Amino acid sequence: MANVVVVGAQWGDEGKGKIVDWLSERADVIARFQGGHNAGHTLVIDGKVYKLSLLPSGILRKGKLSVIGNGVVLDPWALVSEIEKIEGQGVTINTDNLVIAENTPLILPVHQDLDKIREEAAGKAKIGTTGRGIGPAYEDKVGRRAIRLADLADAETLERRLDRLLAHHDPLRRGLGVATIDRDELRTRLLDIAPKVLPYAAPVWKLLSEKRKSGKRILFEGAQGALLDIDFGTYPYVTSSNTMAGMAATGTGMGPGSIDFVLGIVKAYTTRVGEGPFPTELDDEVGKHLAVVGREKGTVTGRDRRCGWFDAVLVRQTCTTSGVKGIALTKLDVLDGMKELKICTGYALDGKVLDYLPTAAEEQARVTPVYETMEGWEGSTAGARSWADLPGAAVKYVRRIEELIECPVALLSTSPEREDTILVTDPFSD
Ligand code: GDP
Ligand code: IMO
Ligand code: MG
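None of the values given here were measured: they were computed from a predicted structure.

1. So, the coordination of the magnesium ion (ligand 3)
For the magnesium ion (ligand 3), the full set of protein donor atoms is Asp-13 (OD) and Gly-40 (O), and the range of their distances to it is 2.0 to 2.1 Å. You can see Asp-13 sitting in the loop between strand E1 (4-8) and helix H1 (16-23) and its partner Gly-40 sitting in the loop between strand E2 (29-32) and strand E3 (41-45), a full 27 residues away along the chain. In this structure Asp-13 comes out as partly exposed when scored by relative accessible area, which is 22%.

2. What about the UniProt feature "active site" (unreviewed entry) in the protein chain?
Sites flagged by UniProt as "active site" (unreviewed entry) map to Asp-13, His-41 and Lys-141. Sequence-wise these annotated residues cover 129 residues; spatially they are dispersed, their C-alpha atoms as much as 25.8 Å apart. On the secondary structure map, His-41 appears in strand E3. Beyond its immediate stretch of four places on either side in the chain, His-41 contacts Lys-16, Gly-17, Arg-32, Tyr-50, Lys-51, Leu-52, Ser-57, Glu-221, Ala-223 and Thr-299. When you line up the elements, Lys-141 lands in helix H4 (residues 134-142). With residues up to four places along the chain from it excluded, the contact list for Lys-141 reads Asn-70, Gly-71, Pro-105 and Ala-146.

3. Overview of the site of ligand 2
Asp-13, Lys-16, Asn-38, Thr-130 and Thr-239 are the nearest of the 20 residues found near ligand 2. Separating an oxygen atom of ligand 2 from a backbone N or O atom of Gly-40 is a distance of 2.9 Å. Notes on ligand 2: free accessible area 550 Å², of which the protein chains cover 98%. Per-class residue counts for the shell around ligand 2 are 7 nonpolar, 10 polar and 3 charged.

4. A look at the UniProt feature "binding site: substrate" (unreviewed entry) in the protein chain
According to UniProt, the "binding site: substrate" (unreviewed entry) feature falls on Thr-299, Val-300, Thr-301, Gly-302, Arg-303, Asp-304 and Arg-305. On the secondary structure map, Val-300 appears in the loop between helix H9 (285-293) and strand E11 (306-308). With residues near it in sequence (within four places) discarded, Val-300 still touches His-37, Asn-38, Ala-39, Gly-40, Ser-53, Thr-130 and Arg-132. Residue placement: Thr-301 occurs in the loop between H9 and E11. In this structure the side chain of Thr-301 is engaged in a polar contact, spanning 2.9 Å, whose partner is the side chain of Arg-303.

5. Let's talk about the sheet that holds strand E17 (residues 409-413)
Hydrogen bonding along the main chain pairs the strands of a sheet, whether they run parallel or antiparallel. Spatial strand order, E7-E6-E5-E2-E8-E1-E9-E13-E17-E18: 10 strands in an open sheet with mixed pairing. The open sheet has two free edges, formed respectively by strand E7 (201-202) and strand E18 (421-423), since each of these has just one partner strand. Direction of pairing for strand E13 (residues 326-330) relative to E17: parallel, over a ladder of 3 bridges. Residue pairing in the sheet places Ile-327 in a bridge with Val-409 of E17.

6. A look at the site of ligand 1
In the region of ligand 1, 18 residues are neighbours, and Lys-16, Gly-40, Thr-42, Asp-333 and Ser-413 sit closest. A distance of 2.9 Å separates an oxygen atom of ligand 1 from a polar backbone atom of Gly-15. One of the backbone N or O atoms of Thr-414 is found 3.5 Å from an oxygen atom in ligand 1. Isolated, ligand 1 exposes 580 Å² of accessible area, and the fraction of that covered by the protein chains is 92%. For the shell around ligand 1, the secondary structure elements donating two or more residues are H1 and E3. Looking at the shell around ligand 1 residue by residue, the classes come out as 2 nonpolar, 9 polar and 7 charged.

7. A short note on the packing of helix H3 (residues 109-122) against helix H5 (residues 155-176)
Two elements in contact, H3 and H5, have axes whose closest approach is 12 Å; the angle formed by their N-to-C orientations is 30°. Considering their axes alone, H3 and H5 lie roughly parallel with respect to each other. Like other packed secondary-structure pairs, H3 and H5 cross with a definite hand, here left-handed. For the pair H3 and H5, the contacting residues are Val-110, His-111, Asp-113, Leu-114 and Ile-117 in the first and Leu-165, His-169, Leu-172, Arg-173 and Leu-176 in the second. The class makeup of the residues in the contact of H3 with H5 is 6 nonpolar, 2 polar and 2 charged.

8. A closer look at the packing of aromatic side chains
Per the stated rule, a full pass over the model turns up 2 aromatic pairs. Taking the centre distance of 5.2 Å and the plane angle of 55° together, the rings of Trp-11 and Phe-278 count as tilted. Taken together, the residues Trp-11 in the loop between E1 and H1 and Phe-278 in the loop between strand E10 (270-272) and H9 connect sequence positions 267 residues apart. For the pair Trp-11 and Phe-278, one class covers both residues: buried. An angle of 55° between the planes, with centres 5.9 Å apart, marks the rings of Trp-377 and Tyr-397 as tilted. With Trp-377 in the loop between strand E16 (368-375) and helix H12 (392-405) and Tyr-397 in helix H12, this residue pair connects regions lying 20 residues apart in the sequence. Per residue, the accessibility class of Trp-377 equals that of Tyr-397, and both read buried. Between Arg-189 and the ring centre of Trp-77, over which it is positioned, the NZ or CZ distance is 4.6 Å.

9. Some details on the pairing of strand E6 (residues 98-101)
Walk down a regular strand and you will see the side chains alternate between the two sheet faces. Side chains Leu-98 and Ile-100 of E6 all project onto a buried face; the interleaved residues Val-99 and Ala-101 project onto the opposite face, where all are buried too. Handedness of the strand E5 (residues 65-68)-helix H2 (residues 76-87)-E6 crossover: right-handed.

10. Things to note about the nonpolar core
Counting residues in each nonpolar core, the largest one holds 56 residues, and the members touching the most others are Phe-310, Ile-327, Leu-329, Leu-335, Tyr-397 and Ile-405. Broken down by element, this core gets its largest block of residues, 8 residues, from H12. Ranked by size, the runner-up nonpolar core spans 38 residues in total, among them Leu-43, Ile-45, Leu-52 and Ile-86.

11. Things to note about the environment of Leu-198
Inspection of the secondary structure assignment puts Leu-198 in the loop between helix H6 (183-197) and E7. Taking the C-alpha atoms as reference, Leu-198 lies 13 Å from Ala-155; in sequence the two are 43 residues apart. Leave out the neighbours within four places in its chain, and Leu-198 touches Leu-149, Leu-152 and Ala-153.

Reading guide: rules and limits
- Residues numbered from 1 in each chain as written.
- Chains lettered and ligands numbered in written order.
- Predicted model: local features only at pLDDT ≥ 70, side-chain atom pairs only at ≥ 80, totals over all residues.
- Heavy atoms only, no water.
- Donors = N, O, S within 2.8 Å, 3.2 Å for Na, K, Ca; no water.
- Helix = DSSP H or I, 4+ residues; strand = E, 2+ residues; numbered from the N terminus.
- Buried < 20%, exposed > 50% of the residue type's maximum accessible area, 1.4 Å probe, protein only.
- UniProt positions renumbered as here; feature names shortened; annotations may be inferred.
- Contact = heavy atoms within 4.5 Å.
- Near = heavy atom within 4 Å.
- Polar contact = N/O pair within 3.5 Å; in protein donor to acceptor, adjacent residues only side chain to side chain.
- Areas by Shrake-Rupley, 256 points an atom, 1.4 Å probe, with all protein chains shown as cover.
- Nonpolar A, V, L, I, M, F, W, Y, C, P; charged D, E, K, R; others polar.
- Pairing = 2+ DSSP bridges.
- Axes fitted to C-alpha atoms, helices over the stretch in contact; angles between N-to-C directions.
- Parallel < 35°, antiparallel > 145°, perpendicular 65-115°, else oblique.
- Left-handed = near helix turned anticlockwise from the far one by under 90°.
- Phe/Tyr/Trp six-rings, centres within 6.5 Å; stacked < 30°, edge-to-face > 60°.
- Lys NZ or Arg CZ within 6 Å of the ring centre and 35° of its normal.
- Right-handed = clockwise from strand over helix to strand, strands pointing away.
- Core = buried A, V, L, I, M, F, W, Y, C linked by side-chain atoms within 4.5 Å.

What follows is the structure, given as C-alpha cells:
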C-alpha cells in the first residue's frame, strides 16, 4: 500500500490543507509530523469554512484516524480550544479518531513569552514569527529540558521536568528583565489541562506500524513549506523545524522506507508571510492584484502575505531536496484574466546567472530574478473540474511550470472548494 507525504514546496500557505482534506478520502490515517499551531489551513467544504492549526486536515472525514506525531510541538491549551471550536462546527473528535504521540514536546506559556520578547528586542532584524512559541519550544526539545505529553501523567516526573526547565529559563528571564516563572501557577495549569489531553496519548510509532502491516494507507501532512525549513530554508528567516518530506519518518517514528510518494504543494504564484528574502516579490499593482484576488491574508496572524511571480528556481530546488514525485498546483484561478505572466527561470548575481538559490543570506538578498514572459488567458479556470475545461494558455502555463521544475502535475486546484480539484495522477496508486 502506498503512503503519501504532502509538503509545502514554497514558503507555506500553498493550499496544503485543501489538498490533504481532498486526498484524505483515499487514506486511512492522516498524520502531522512537524510544526505546531503556527500552521493555518483553511478548508472549504460545500461553502462551509473550517480553519485548522494543529488538528490534521483529515479530521473532518468520518472513519479516518488523525495523528499528531512526536515531531510536532504541542500547545495543549491551543489544542483543546481548537477541538472545541471544530466540534462546535459539528465534527466529532474523540479518542477513536485522534491520537497524539506520548513523546510530543509541549509548548508552554514561557515559550510564547520568549518568542515575543525576542521579536520585539530584534526590531528591524525580527524574523516575523507567528508568536506561537515554536522556536523556543524546539530549543527546549533539543536542549533536553522539554516537558513532553507523557510527563503530564506523573506528578513526580513533572516536578523533575520543572526543575530543569526553570534552571534554564529563570536566569534567561532575569537577564531579559522579565519576571521569573511562577512555578506553582505553571504546575497547576499543566495538571489542569492534563486530563483533557492525556486520553489522546499513545505510542504512535507502534500504532502506525500496526496500521501499515494491516495494509492501511497513511497520509503524512506537512506544515509550513520547504523554504521555511530550518536547514534548507532562507535561514535565519525560517521556522524551527524540518519541513521537508524526510521529516515525516522521524516525526512519527516510521522508517524512511514507509514513504512511497512525496506530493509537493505549489501555488501558481509565490507568497510569503514574515520577513526574509523573496526574489520575485512584487511591490506594485500586480502584487496587490494577486493579494486581493488570492485573498492572501494569514490564517493564524491575519498578516498580509507578500506576493510575487512564480519562481521556478526555488520550486525546482525544493522538489529536489524533498524528493517530490509530483506536485499539486493550486490557485491557478487567481491568475485568470491577467494579460501576461512572468516566471522566474534563474537569478542574476554579480554578472552570472544561477540556477539555484545561494545559501549565504547576503547573496539571497541580492539576487535579481531572470524572467520569461507568458501570455495570460481570457477564459476562466475557476472551479474547473477537468483538464478539458482549461483555456489553452492556462494549460501552456502549467506545462511550462512542469518543464522548468522538472516535476509533473499530479493534481490541480481551481478554487478553495474541496471538489474543485482535477486529478491527473493518484499519488496513492502511482
Ligand atoms: P496551507 O497553509 O498550505 O493549508 O494554505 P492556507 O489554507 O493557509 O492558504 C491557502 C488559501 O487558499 C486558503 O484560504 C484556501 O482556501 C485557498 N485555496 C486553496 N486552493 C485554492 C485554489 O485552488 N484557488 C483559490 N482561489 N483558493 C485556494
Ligand atoms: P502553514 O502550515 C506561512 C513563518 C512565519 C515566520 C517564520 C517563523 O499555514 O503553511 P514561527 O512562528 O514558525 O517561528 O515563524 O515562519 N510561518 C509560516 N508562513 N505558513 C505557515 O504555515 C507558517 N508557519 C510559520 O511567518 O516567517
Ligand atoms: Mg497556511
